[in-house]
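Structural characterization, general
The primary structure of each chain is shown beneath.
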Amino acid sequence: MHELIEGELYQALEYAKTIDQHQGQRIIIQFEIDQPLLSQTIFNAFPSMIAEHSEELSHFFMDLCFEILCVYQKAFGSTPRFKDDPTWMERQALSFDEILQPMAGKKRIDAKQSNKMKQRFYQPNEGEIIQNGLVQFLNDSIDDDAEGNNYSKPAIELSKAMLFVTVRLFNSLYTDSIRH
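Read on for a plain summary of the structure. (Residues numbered from 1 in each chain as written. Predicted model: local features only at pLDDT ≥ 70, side-chain atom pairs only at ≥ 80, totals over all residues. Heavy atoms only, no water.)

1. A few points about the nonpolar core
Just so we agree on the cut-off: As used here, the term nonpolar core means buried Ala, Val, Leu, Ile, Met, Phe, Trp, Tyr and Cys residues forming a set that is joined through side-chain atoms within 4.5 Å. Working definition: with a 1.4 Å probe on protein chains only, accessible area under 20% of the residue-type maximum means buried, over 50% means exposed, and in between means partly exposed. Helix and strand labels come from DSSP, where a helix needs a run of H or I of at least four residues and a strand needs a run of E of at least two; each type is numbered from the N terminus. Two residues form a contact once any of their heavy atoms are found within 4.5 Å.
Core analysis: the biggest nonpolar cluster contains 42 residues, and Ile 42, Leu 134, Leu 163 and Phe 170 have the highest contact counts within it. Contributing elements (two or more residues each) for this core: helix 1 (6-18), helix 2 (21-34), helix 3 (36-51), helix 4 (55-76), helix 7 (132-147) and helix 8 (153-179). When residues in this core are grouped by element, the largest group, 12 residues, is from helix 8. Every residue in contact with Phe 170, bar those within four places of it in the chain, is listed here: Phe 31, Ile 42, Ile 68, Leu 69 and Tyr 72.

Below is the structure:
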């Protein structure tokens, strides 16, 4: 796996935008079959967290997640399956939990702690490739959509963080498939 350069990313994003509703449904169904827990996480759990702030933004988030799915399939091939590794998603959740655990139960986090946690959250693991161009595109998409809507700052920040997590999950999915 490699970081997508501008041309590759553009082609993958264009591919995602040309998919009609029927093709899109087939892609989603196959993704649910190949990676049921990941599918549930990014198309159900994450949007429901965002919907607590904004139902409209949660729908836009799911559209962007579909684009992420399509980008990875176009650039790196079909979604990997881990029939022999049913704990893959659990391990992913635990790795993010280690990063986010210090926030659990705290009502207030001072600015220094907050910055330290954000830095750790956005820091790639050793050998991990972050799709910076894709993340930037997603953040810009959220910002563009927010201009015409009345989303709260926490809803926007949560959506961006969940999109970043989604990209990292896809990176891990495709990287781990190479190792198997």
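This is not the end of the story, as more comes after the structure.
2. Looking at helix 3
Heads up, the condition is: Helix span, as expected, comes to 1.5 Å for every residue beyond the first. Note that bend, as reported per residue, equals the angle between axes fitted to the 7 residues terminating at that residue and the 7 residues originating from it.
Given a rise of 1.5 Å per residue, 16 residues ought to cover 22 Å, and the 21 Å separating the end C-alpha atoms of helix 3 matches this to within 8%. Of all the bends in helix 3, the greatest measures close to 30° and is centred on Ile 42. Listed as buried for helix 3 are Leu 38, Ser 39, Thr 41, Ile 42, Phe 43, Phe 46, Pro 47 and Ile 50.

3. A few points about the pattern of salt bridges
Our working definition: Basic side-chain nitrogens of Lys or Arg form a salt bridge, by our definition, when they fall within 4 Å of a carboxyl oxygen of Asp or Glu.
Applying the stated rule across the entire model yields two salt bridges. In this structure, the salt-bridge partner of Lys 17 is Glu 67, at a minimum N-O distance of 3.1 Å. Taken together, the residues Lys 17 in helix 1 and Glu 67 in helix 4 connect sequence positions 50 residues apart. Relative accessible area serves as the criterion here: at 49%, Lys 17 is assigned to the partly exposed category.

4. Concerning the side chain of Thr 79
You can see Thr 79 is positioned in the loop between helix 4 and helix 5 (88-100). A relative accessible area of 6% places Thr 79 in the buried class. Excluding residues that lie within four positions of it along the chain, Thr 79 makes contacts with Phe 31, Asp 34, Gln 35, Leu 69, Gln 73, Leu 173 and Tyr 174.

5. Re the packing of aromatic side chains
In plain terms, the rule: Each pair of aromatic rings taken from Phe, Tyr and Trp, with Trp reduced to its six-membered ring, is defined by centres within 6.5 Å and is described as stacked if the planes are under 30 degrees apart, edge-to-face if over 60, and tilted in the remaining cases. Here, a charge over a ring means that NZ of Lys or CZ of Arg falls within 6 Å of the ring centre while also lying within 35 degrees of the ring normal.
Inspection of every chain in the model, using the stated rule, returns seven aromatic pairs. Put simply, the rings of Phe 31, Phe 43, Tyr 72, Phe 76, Phe 170 and Tyr 174 touch in pairs and so form one group of aromatic residues. One Lys or Arg, Lys 74, reaches over the ring of Tyr 15 and ends 5.7 Å from the middle of that ring.

6. A closer look at the packing of helix 4 against helix 7
Using the following cut-off: To obtain each axis, a line is fitted to C-alpha atoms, and for helices this fit is confined to the stretch in contact; angles are then taken between N-to-C directions over 0 to 180 degrees. Oblique is the label for any angle not covered by the other classes, which are roughly parallel (under 35 degrees), roughly antiparallel (over 145) and roughly perpendicular (65 to 115). Throughout, a crossing is termed right-handed when the near helix is turned clockwise from the far one, and left-handed when it is turned anticlockwise from it by less than a right angle.
The contact between helix 4 and helix 7 brings their axes to 11 Å, and the two run at 155°. Taken together, the axis directions place helix 4 and helix 7 in an arrangement best described as roughly antiparallel. For the element pair helix 4 and helix 7, the recorded crossing hand is right-handed. The segment helix 4 lies against helix 7, with Leu 57, Phe 60, Leu 64, Glu 67, Ile 68, Val 71 and Tyr 72 engaging Leu 134, Phe 137, Leu 138, Ser 141, Ile 142 and Asp 145.

7. Some remarks on the environment of Met 62
Mapped onto the secondary structure, Met 62 falls in helix 4. A relative accessible area of 23% places Met 62 in the partly exposed class.

Honestly, it's all geometry; don't read function into it.
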